Amino acid sequence: MSVTIEGERVDQLLRIIVAAATGDYELRVPLVEEDDDEFLEVELGVNYLLEELALGKAKSDSQRQQLEARAEELAHQQSELVQALSTPVIAVWPGVLALPLVGRVDDERAARITAVLLERVAAERATHVILDLTGVGTIAGNTMPGLLRMVRAIGLLGASCLLTGISPAVAQQIVALGEAEGGAPVRALAQLSDALAHVLAQKGALRG
């Protein structure tokens, strides 16, 4: 009878060890006070080991959660930095703002540019805004109307908007949209320096 009981204890111990090998440290070897033998020491040792493994796993999970939270925080900070760098509004002269764009402009970015730029125009009471597209690789076809609406919104705030560095493809988009929507023509110059010289000449004329 004792052999049968001993066999059951061994089988049970092996099942718990196999479970632990798969990462399940919650099982424990049931202890019976009557089983005061050498095998009981083995069972106690396995339970102690399982306790240590479970504690180590809990610490590991907590550390992983902390790392994930930190990674999420860094990703958020990086996103904010990228957004700030993607809309670098520069005050090149009192009342004159310049926004050099680089890369692809899609709907989301165009909306962000519009929000940031209009806020700066209103806050600084800008009279002129230079939007430089020299570094823009592509403008999504459905995004161009948004940019043109931004140009008109700048005008409604009392500022003039100049476009510079327009590629032939973008120029065709602007012309096509202008004809379709009947909007006012967009003033464009070749380079940012040309636009700045034009603005400063205007300001000089106004002072004169």
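Since this is a predicted model, take the numbers as computed values, not measurements.

Conventions adopted
Residues numbered from 1 in each chain as written. Predicted model: local features only at pLDDT ≥ 70, side-chain atom pairs only at ≥ 80, totals over all residues. Heavy atoms only, no water. 1 Å grid on protein atoms, 1.4 Å probe; cavity = no way out; pocket = protein on both sides within 12 Å on 5 of 7 lines; lining within 4 Å. Points joined across faces, edges and corners; volume = space filled by probe spheres on them. Helix = DSSP H or I, 4+ residues; strand = E, 2+ residues; numbered from the N terminus. Nonpolar A, V, L, I, M, F, W, Y, C, P; charged D, E, K, R; others polar. Salt bridge = Lys/Arg side-chain N within 4 Å of Asp/Glu carboxyl O. Buried < 20%, exposed > 50% of the residue type's maximum accessible area, 1.4 Å probe, protein only. Core = buried A, V, L, I, M, F, W, Y, C linked by side-chain atoms within 4.5 Å. Contact = heavy atoms within 4.5 Å. Expected span 1.5 Å × (residues − 1). Arc of directions from axis to C-beta. Patch = residues over 30% accessible without salt bridge, like charges linked within 9 Å, V, L, I, M, F, W, Y side chains within 5 Å. Areas by Shrake-Rupley, 256 points an atom, 1.4 Å probe, with all protein chains shown as cover.

*Asks:* How should empty space enclosed by the protein be read in this particular structure?
*Replies:* Where empty space is left can be seen by rolling a probe of water-molecule size over the atoms. Taken as a whole and judged by the stated rule, the model has one cavity of 30 Å³ or more. In this structure, the largest cavity spans a volume of roughly 40 Å³. Leu131, Leu133, Ile139, Met144, Leu147, Val151, Leu163 and Ile174 together form the lining of the largest cavity. Residue assignment for the lining of the largest cavity shows that the elements contributing at least two residues are strand 3 (128-139) and helix 4 (144-156). Considering only residue class, the lining of the largest cavity consists of eight nonpolar, no polar and no charged.

*Asks:* I keep staring at the pattern of salt bridges and nothing clicks. Help me out?
*Replies:* If charged atoms from side chains of opposite charge come close, those side chains can pair. Enumeration over the complete set of coordinates arrives at two salt bridges. The shortest N-O distance in the salt bridge between Glu124 and Arg120 comes to 2.6 Å. Of this pair, Glu124 and Arg120 are both found in helix 3 (residues 107-124), four residues apart, which corresponds to roughly one turn of the helix. By relative accessible area, Arg120 is classed as partly exposed at 25%.

*Asks:* What am I meant to see in the nonpolar core here?
*Replies:* By size, the foremost hydrophobic cluster in this structure holds 26 residues, and its most contacted members are Leu101, Leu117, Leu131 and Ile139. For this core, the secondary-structure elements that each account for two or more residues are strand 2 (96-105), helix 3, strand 3, helix 4, strand 4 (160-164) and helix 5 (168-181). In this view, Leu131 contacts Leu99, Leu101, Met150, Cys161, Leu162, Leu163 and Thr164; residues no more than four positions away in its chain are not counted. Listed in part, the nine residues of the second largest apolar core include Val29, Phe39, Leu50 and Ala54.

*Asks:* Would you explain helix 3 in this entry?
*Replies:* For an α-helix, 3.6 residues make a turn, and residues three or four places apart therefore share a direction. Its 18 residues give helix 3 an end-to-end C-alpha distance of 26 Å, which sits within 8% of 26 Å, the value for a rise of 1.5 Å per residue. Along helix 3, the residues classified as buried are Arg109, Ala110, Ile113, Thr114, Leu117 and Val121. Axial view of helix 3: buried residues confined to an arc of 135°, hence all on one face. Turned more than 90 degrees off the buried face of helix 3, the exposed positions are Glu108, Glu119 and Ala123. Looking at the residues trailing helix 3, positive phi occurs at Arg125, about 50°.

*Asks:* Could you clarify how one ought to interpret a nonpolar patch on the surface in this entry?
*Replies:* Taken together, Val10, Leu14 and Ile17 make up a surface patch of nonpolar side chains, about 220 Å² in accessible area. Structurally, Val10 can be placed in helix 1 (residues 2-21). For Val10, a relative accessible area of 30% puts it in the partly exposed group.

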